[in-house]
Amino acid sequence: IEHMTLGCAGMTLNKNAAVVYQEAGSLVLDHCTIQPRRPDGSNAPIQPTAGVWVGPDARIRMTRCSVVECDPALRVQHGNAFAEDSTLAYSKHGSNVVGFDGVLELLRCHIHSARGNGVELHNTYASLVCNKIVDNGNVGITCHEGTRTEITRNFIGRNRSGPLYMTRTLSVRLQNNMFISD
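Since this is a predicted model, take the numbers as computed values, not measurements.

What am I meant to see in the packing of aromatic side chains here?
For any pair of aromatic rings, geometry is given as the distance between the ring centres together with the angle between the planes. The final tally for this structure, using the stated rule, is zero aromatic pairs. A cation over a ring is seen here: Arg75 above Trp53, with NZ or CZ 4.6 Å from the ring centre.

Mind showing me how you'd approach the pattern of salt bridges here?
Close approach of charged atoms allows side chains of opposite charge to pair. Evaluation of the coordinates by the stated rule reveals six salt bridges. Two residues, Arg64 and Asp30, come together in a salt bridge whose shortest N-O distance is 3.2 Å. On the criterion of sequence distance, the pair formed by Arg64 in the loop between β6 (58-63) and β7 (66-68) and Asp30 in strand β3 (residues 25-30) is long-range, its members being 34 residues apart. Judged by its relative accessible area of 15%, Asp30 falls in the buried class. Residue Arg158 pairs with Asp135 through a salt bridge whose shortest N-O separation is 3.0 Å.

Please clarify how the nonpolar core should be interpreted in this entry.
Generally speaking, soluble globular proteins have nonpolar side chains that are buried together. Ranked by internal contacts, the top residues of the largest apolar core, which has 34 residues, are Leu29, Val52, Met62, Leu74, Leu88, Leu104 and Leu106. The element contributing the most residues to this core is β6, with three residues.

Just checking my understanding: could you explain unusual backbone geometry for this structure?
Across residues other than glycine, the phi torsion is negative in most instances, and most of the peptide bonds are trans. Omega for the bond connecting Asp71 with Pro72 falls within 30 degrees of zero, at -5°, which places this linkage in the cis form. Take Pro72: it is sitting in the loop between β7 and β8 (74-77). Here the phi dihedral of His78 falls at roughly 65°; this positive angle occurs in a residue that is not glycine. Positionally, His78 belongs in the loop between β8 and β9 (80-84).

Would you take a moment to explain the side chain of Asn154 for this structure?
Relative to the helices and strands, Asn154 is located in the loop between β18 (148-152) and β19 (155-157). Accessibility expressed as a relative area gives 3% for Asn154, which makes it buried. Of note is the side chain of Asn154, whose polar atom sits 3.1 Å from the backbone oxygen of Thr152. Not counting chain neighbours up to four residues away, the residues in contact with Asn154 comprise Leu128, Val129, Cys130, Asn131, Asn176, Asn177 and Met178.

It is not clear to me how the pairing of β9 should be interpreted in this structure. Could you clarify?
A regular strand places its side chains on the two faces of the sheet in alternate fashion. Of all five residues in β9, five are buried; the element is thus mostly enclosed. The side-chain alternation of β9 yields two buried faces, one formed by Asn80, Phe82 and Glu84 and the other by Ala81 and Ala83. Bridge count between β6 and β9: five bridges; the pairing is parallel. Residue pairing in the sheet places Arg61 in a bridge with Phe82 of β9. Here β9 runs beside strand β12 (residues 103-107); their pairing, made up of five bridges, is parallel. Directly across from Ala81, in β12, lies its bridge partner Leu104.

Got a minute to help me understand the side chain of Ser127 in this structure?
Along the polypeptide, Ser127 turns up in strand β15 (residues 125-129). In this structure Ser127 touches Leu104, Glu105, Leu106 and Glu150, once residues within four positions along its chain are discounted.

About the cut-offs
- Residues numbered from 1 in each chain as written.
- Predicted model: local features only at pLDDT ≥ 70, side-chain atom pairs only at ≥ 80, totals over all residues.
- Heavy atoms only, no water.
- Phe/Tyr/Trp six-rings, centres within 6.5 Å; stacked < 30°, edge-to-face > 60°.
- Lys NZ or Arg CZ within 6 Å of the ring centre and 35° of its normal.
- Salt bridge = Lys/Arg side-chain N within 4 Å of Asp/Glu carboxyl O.
- Helix = DSSP H or I, 4+ residues; strand = E, 2+ residues; numbered from the N terminus.
- Buried < 20%, exposed > 50% of the residue type's maximum accessible area, 1.4 Å probe, protein only.
- Core = buried A, V, L, I, M, F, W, Y, C linked by side-chain atoms within 4.5 Å.
- Polar contact = N/O pair within 3.5 Å; in protein donor to acceptor, adjacent residues only side chain to side chain.
- Contact = heavy atoms within 4.5 Å.
- Pairing = 2+ DSSP bridges.

Right, here's the structure in full:
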């Protein structure tokens, strides 16, 4: 899918409440804007909706995409996601990027302004390289139990509760990052 704006009218909250949901197979998103909107264009609240949800046995590659005002912008659950040169921002209820039992690679992404964490990982392999993770309401990057993470050459700052939080992770490799705490 190239050069497209994707949105939804606020669906009923169910397992797959997402603007883009990929359960199996591969999908490539290039230069797409993903943002939930009401059909009448009003700013009335809609139910929390994931922007891109990568389900079991799925692979998604996002390049130069903007996923905003979704909860979360990117959710990886037993799948594989690669995002490059993309903006993942303005989650109104939780984290911008969430990984559960999957593989996540973020390269040169701008992850900002979530009510919760910038990136939240649970039992996930993640590679975060050259990203800007700033201005989130909680922690920049949270690594929970079972996570294996490589965090390299990122700028992580101005997050309300600090740049990094780890609990019982398998391994975290930090290399050449800039951490700024308020």
